[in-house]
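Each chain is listed here by its residues.
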Amino acid sequence: MNQDVGPTALRSSPVPVRGRIGQLRDRASGRHSPLRRLDWTLQLCVVALSGVGALLVWSATRQRLGEAGADPQTFLKRHLLNLVIGLLLGAVATVVDYRVIRAYAPFVYLGSLVGLVAVLVLGSTINGAHSWIVLPAGFQLQPSEFAKVALVVGAAMILGEKHEDRHTGIQHSAPGHADVLLVLGLTIVPIGLIMLQPDFGTVMVLVFTVLGMLAVSGAPRRWVLGLVLCGVLFGTAILQFHLLASYQEARLTSFVSENKAASGTGYNVNQAMIAIANGGIFGRGLLHGQQTQGQFVPEQQTDFVFSVAGEELGYLGAAGIVVLLGVVLWRALSIGFGSQDSFGALIATGVVCWFTFQSFVNIGMCLGIMPVTGLPLPFLSYGGSSMFANMIAVGLLQNVRLRSRSDPYAM
Amino acid sequence: MNDRMRVRVLLLRVVVLSLLVTLGARLWVLQILDGDHYRQVAETNRVREVVTPATRGMILDDHGQPLVRNRTSLVISVNRSATDRQPDRGKAVLTRLAGVINTPADDLVKRIRFCTAQVKPPCWNGSPYQPVPVAKDVSPAQALAVIEHPDRFPGVSADLQAVREYPQGSLAAHELGYLAPVTQDQLDKQGDEKGYHLNSLIGVAGLESTYDDQLRGTDGVQRLEVDRFGRVAGTASTTEPASGDHLVLNLDLGVQQAAEQALQDTINSLGGGSRTGSAVVLNARTGGVVAMASLPSYNPSVFVGGVSEQDYRALSDPANGIPLLSRVYQGSGAAGSTFKPISTAVAMQNLGARGDQRFLCSQTLQIGDQIFHNFDGESAGPITLHQALVISCDVIFDQFAYDSWLGDGGLRNGRGPYAPPKEYFVRMAEAMGFGRGTGIDLPGETKGSVVDRADAKAIWEELKDSYCRRAKNGYPEETDPAKAERFRKYAAEACVDGYLYNAGAATQFAIGQGQYLSVSPLQLANAYVAIANGGTLYRPTLAKAAISPEGKVVQTFQPHRTGTLPVSPEILGYIRDSLRGVTTEPGGTGTGVFADWPSATIPIAGKTGTAEVEGRGDTSWFASFAPANDPQYVVVVSIPDSGTGAEYAAPVAKRIYQAIYGVGQPAAQPGGRPPGALPRINRDGTIAAATTSDPLRPLGPGGTSSAVTSIPAASATPPNSAGALLPALVTTPTKAPVTTPAVTGAPTSPPSRAPP
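Predicted, not measured: the structure shown is a model, and the values here were computed from it. (Residues numbered from 1 in each chain as written. Chains lettered and ligands numbered in written order. Predicted model: local features only at pLDDT ≥ 70, side-chain atom pairs only at ≥ 80, totals over all residues. Heavy atoms only, no water.)

(A) Seen up close, the state of the cysteines. Residue and element names in this part refer to chain B. For the structure on display, the rule yields two disulfides over all chains. Note that Cys 361 is cross-linked by a disulfide to Cys 393, the S-S spacing being 2.1 Å. The disulfide joining Cys 361 to Cys 393 has a torsion of about 110° about its S-S bond and is therefore right-handed. Of the two residues, Cys 361 is situated in strand β13 (residues 359-361) and Cys 393 in the loop between α14 (385-391) and α15 (394-407); the sequence distance between them amounts to 32 residues. Per residue, the accessibility class of Cys 361 equals that of Cys 393, and both read buried. Paired by a disulfide, Cys 468 and Cys 495 hold their sulfur atoms 1.9 Å apart. Taking the torsion about the S-S bond as the criterion, the Cys 468 to Cys 495 disulfide, at about 95°, is right-handed. You can see Cys 468 sitting in helix α17 (residues 453-473) and its partner Cys 495 sitting in helix α18 (residues 481-497), a full 27 residues away along the chain. (Disulfide = S-S within 2.5 Å. Helix = DSSP H or I, 4+ residues; strand = E, 2+ residues; numbered from the N terminus. Buried < 20%, exposed > 50% of the residue type's maximum accessible area, 1.4 Å probe, protein only.)

(B) Looking closely at the environment of A:Trp330. Locating A:Trp330 in the fold gives a position in helix α14 (residues 305-338). Separated by 288 residues in the primary sequence, A:Trp330 and A:Leu42 have C-alpha atoms spaced 8.8 Å apart. Among residues more than four places away in sequence, those in contact with A:Trp330 are B:Arg13 and B:Leu17. (Contact = heavy atoms within 4.5 Å.)

(C) A look at the sheet that holds strand β8 (residues 220-226) of chain B. All names here are of chain B. Taken together, three strands build an open sheet; the order of strands is β1-β8-β9 and the sheet is antiparallel. Strands with a single pairing partner mark the edges of an open sheet, and in this sheet they are β1 (47-52) and β9 (232-239). Across the sheet, the mean angle separating the axes of adjacent strands is 25° when strand polarity is ignored. Here β8 runs beside β9; their pairing, made up of six bridges, is antiparallel. If you follow Val 221 over to β9, its bridge partner there is Thr 239. (Pairing = 2+ DSSP bridges. Axes fitted to C-alpha atoms, helices over the stretch in contact; angles between N-to-C directions.)

(D) Quick look at helix α19 (residues 503-510) of chain B. Residue and element names in this part refer to chain B. Burial runs high along α19: seven of the eight residues are buried. Within the span of α19, buried status applies to Ala 503, Gly 504, Ala 505, Ala 506, Thr 507, Phe 509 and Ala 510. The opening residue of α19 is Asn 502, an N-cap whose side-chain oxygen sits 3.2 Å from the backbone nitrogen of Gly 504. One or two steps after α19, the chain reaches Gly 512, where phi turns positive at roughly 70°. (Polar contact = N/O pair within 3.5 Å; in protein donor to acceptor, adjacent residues only side chain to side chain.)

(E) Quick peek at the interface of chain B and chain A. Counting from both sides, the interface comprises 34 residues of chain B and, opposite them, 54 residues of chain A. Taken over both partners, the interface formed by chain B and chain A buries close to 4000 Å², and the fraction arising from carbon and sulfur atoms is 70%. Where chain B meets chain A, there are zero salt bridges. Mapped onto the side of chain B that touches chain A, the elements with two or more residues apiece are α1 (3-33) and α2 (35-46) of chain B. Here the side of chain B that touches chain A takes 20 residues from α1(B), the largest share from any one element. Of the residues contributing to the side of chain B that touches chain A, the split by class is 19 nonpolar, six polar and nine charged. (Buried area = accessible area lost by both parts, 1.4 Å probe. Salt bridge = Lys/Arg side-chain N within 4 Å of Asp/Glu carboxyl O. Nonpolar A, V, L, I, M, F, W, Y, C, P; charged D, E, K, R; others polar.)

By themselves, these are just geometric observations and shouldn't be taken as functional.
Pasting the structure below:
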């Protein structure tokens, strides 16, 4: 972009005169074109998932909106708008060299902390969590979603630095004790702030993301094992001493205690499972699921959006979504595999851990094998902040991909 | 990025892949393996049933007179799925409604809440989608107040519902029975098979219970699709209710009325109180039940809409004579001398006595150290068995029983050379149907009891400990010391040799006294049916036919033979002839009662009985049949705690015969026989009566050869003006939820008169 392609320069140029547009076209379609080097499989799958998500959100909401006298397509339009904004944000995250991003990582991190503090001061409570900042024109911001991106970038920066052994002077890429402690410190601050909302689901996403990044970064094994052990003990203590708000505990335990209850937290899951099972192999057809159209599943456009797919698109559709998510994760890991440095690989690892955990917990919840945690399903659930954060994450993956030394397909 | 990191990324791949495979597998289980289960759950999740009860069939007597029919009642109902959606959850509407139907609003709230383990009645145990009836039999004005202001009463409806009605009051209450709401247990066990629904009414007593399947019909079910909030989204399917079949009985209204009236008069003359009485009339040729009366009785309408606890207690109170219990088939006692024809059969069939043989009817009979007195202590000299029956001589039958007992080894209790004991009297009693149910088409029949030597021993084995304890401790709770000592002595004897079937018990058995034979009036009548018709035992049957709402005969209940008496026809003929003498010959125990009876045209054969009951007055019995030469009807009357058979039971039987044959009154059974044809039920619910199909013997009115007369009262014309109101309601162009259930048996046109 620093090349002067002005008309004056053209006249003195020895190469055949070509139009500015033509040059751009060459640049775009050339062998080393950044557009060519983008992971189009990944991008297509992400857009496909978001598109399916738009249909499912539409199916889940149009009846209710219509009955309330609102435009039945409101959520459909907003989901698509979120997708477009998300793609733009993702493009920005792709274009800026991730090494620049690494340099600005501390600011990204601090910015996310400001957001988390702001939500505690300005935020509104929706569904028992104080997680949203309500903006004008009906928009809402959920800073904890952006905290996921910030933490992935921050942790990748620290864990991906070239490390020099103080005693031997040998450079190696495995982080030492000091790095691990720093990462843990960086993690605990947003976790603490999110706990205050409280949003237990997001906390778990952060914990698993950082754990995954630590494990892949080559941090000392006892740290990784020790942290896992701590997590188990902490989790047990929480349930044992009732440290969680009772509704959160009810959500967590409802799936353990075979929710026969037709009301409360068990009700949601029960209705979601009925909806999914009702779909059979081929589904009831979009907009024709009795459970969905009868609005039996609460929160169906957000946390339980997968139940719409299960009922209306059947096993073929729902398993197709799982396959698409699998392709996204597979491509992300390939990008990490092909990254020229640890930073890029860890970014990819972090995003994969984040998406995997969130997808598995969300779908698992709809299928009755995971507790109810209130996590959105990436790309499919309705929600602007979630969509933006996911798209920025995908943008970061493309960013790493663009600047890979080797061709990841060569592995 | 170094190679070790690459390895870890590869490991992460494996983790991610396995998690996704887990989801895929779980999805497979849920959607494909367990799919059916969840689809069913989904179905119940979103489909709600609204039940339109079928109209129950009528129960008619043999001529088509309704004994049970349906009347329409204007019912106001509250639809909770509508009122719950109102901003105040229907409070304002209920308060307004309370004003209209003059009920406290609190009461209304209680009635429409849902019953649970904690919430007890008043509450609603039906489906939340079923409108809850809150007021029955409201006036048309009240119904209109609701219907014409749907804006003020959203979710409230008024419609016509069919309610069981008993036009004859308490008549034949024990036979008709009553309905009660289905229990959860019945619903769980038979709900699907029998088509019960929540708040279905099912027959739980009498014919309503036995023929519930025929009478109930099939409820209409509208299956509504609803969303999570219970809002109706559409109708999945609708099945219209199909009315139940009508049941035509062998029972005759006129005979039944006469029987109940005669019994009532007799009981009143005795002083009423907890006194009871029963009468049964059977068709001697088929076992059909022509009348069956038990007093005290009750009006089954107390069970309509649910019996109150107070009423139910009164109906089961011994101080009132337990009106719920039918003495005809649910109570039993000693038969007294009405058993003697059976003993006569034993004497002639098993013990070799001949009809022309004479036996000494002495004043007393000494057996061991016991002396048996002839009834009233009279001696009649040497007489035939015929005369023994006519004057009811005990001693002759005692002697036969004693001989038979000796033949079985006496106190050796049928052991050794006497095994197995022949026990002719016991076996004959069993052959007559005693000791087992007759199989009548009513629930809860008593078996009575016939005790033979083996039974006596078994009973003693069971009771001997208590006898021996009583022998030691006496009866300190008994206030009369003499009585207590008598009881103690008896217990002391029973403790030692109670297993012995002694001569006293055997002789008592032969004359229908003592503890070892207990029969219900129905059993006795059934035995007399066999004696009267030449030896065939039938199952007594109330139902004659089931007729569909369209008037088609769907089922006829044919006479059902249950056995043949082991007695030769000649001997039965001898016995019948002897019994005829009871009412006609000089010295006959019934001659006085039937002195003014037209015995030449309608000869009556019968046997009086006076059964001694410990601690109470005698039970008066009369068992009979007519005409004696060609029996058509068997009439048995039993009046406990009264006196001799001739004094009380025989006059009641006579009044029943008068009603049957129309002596001094119109005949209830024209021609002296039950109607051969079935009544014809028209589509509109009117009934064309059945009369006798035998035009050769026109006795009394109605016996014309055209076998049809119209019974205008037979249809269920609503007693209030709802019938007139209904068409007006239907044409009212409001959105009021007026429904007009198809009440079969409730004509909208006046009953048609049959052609002459």
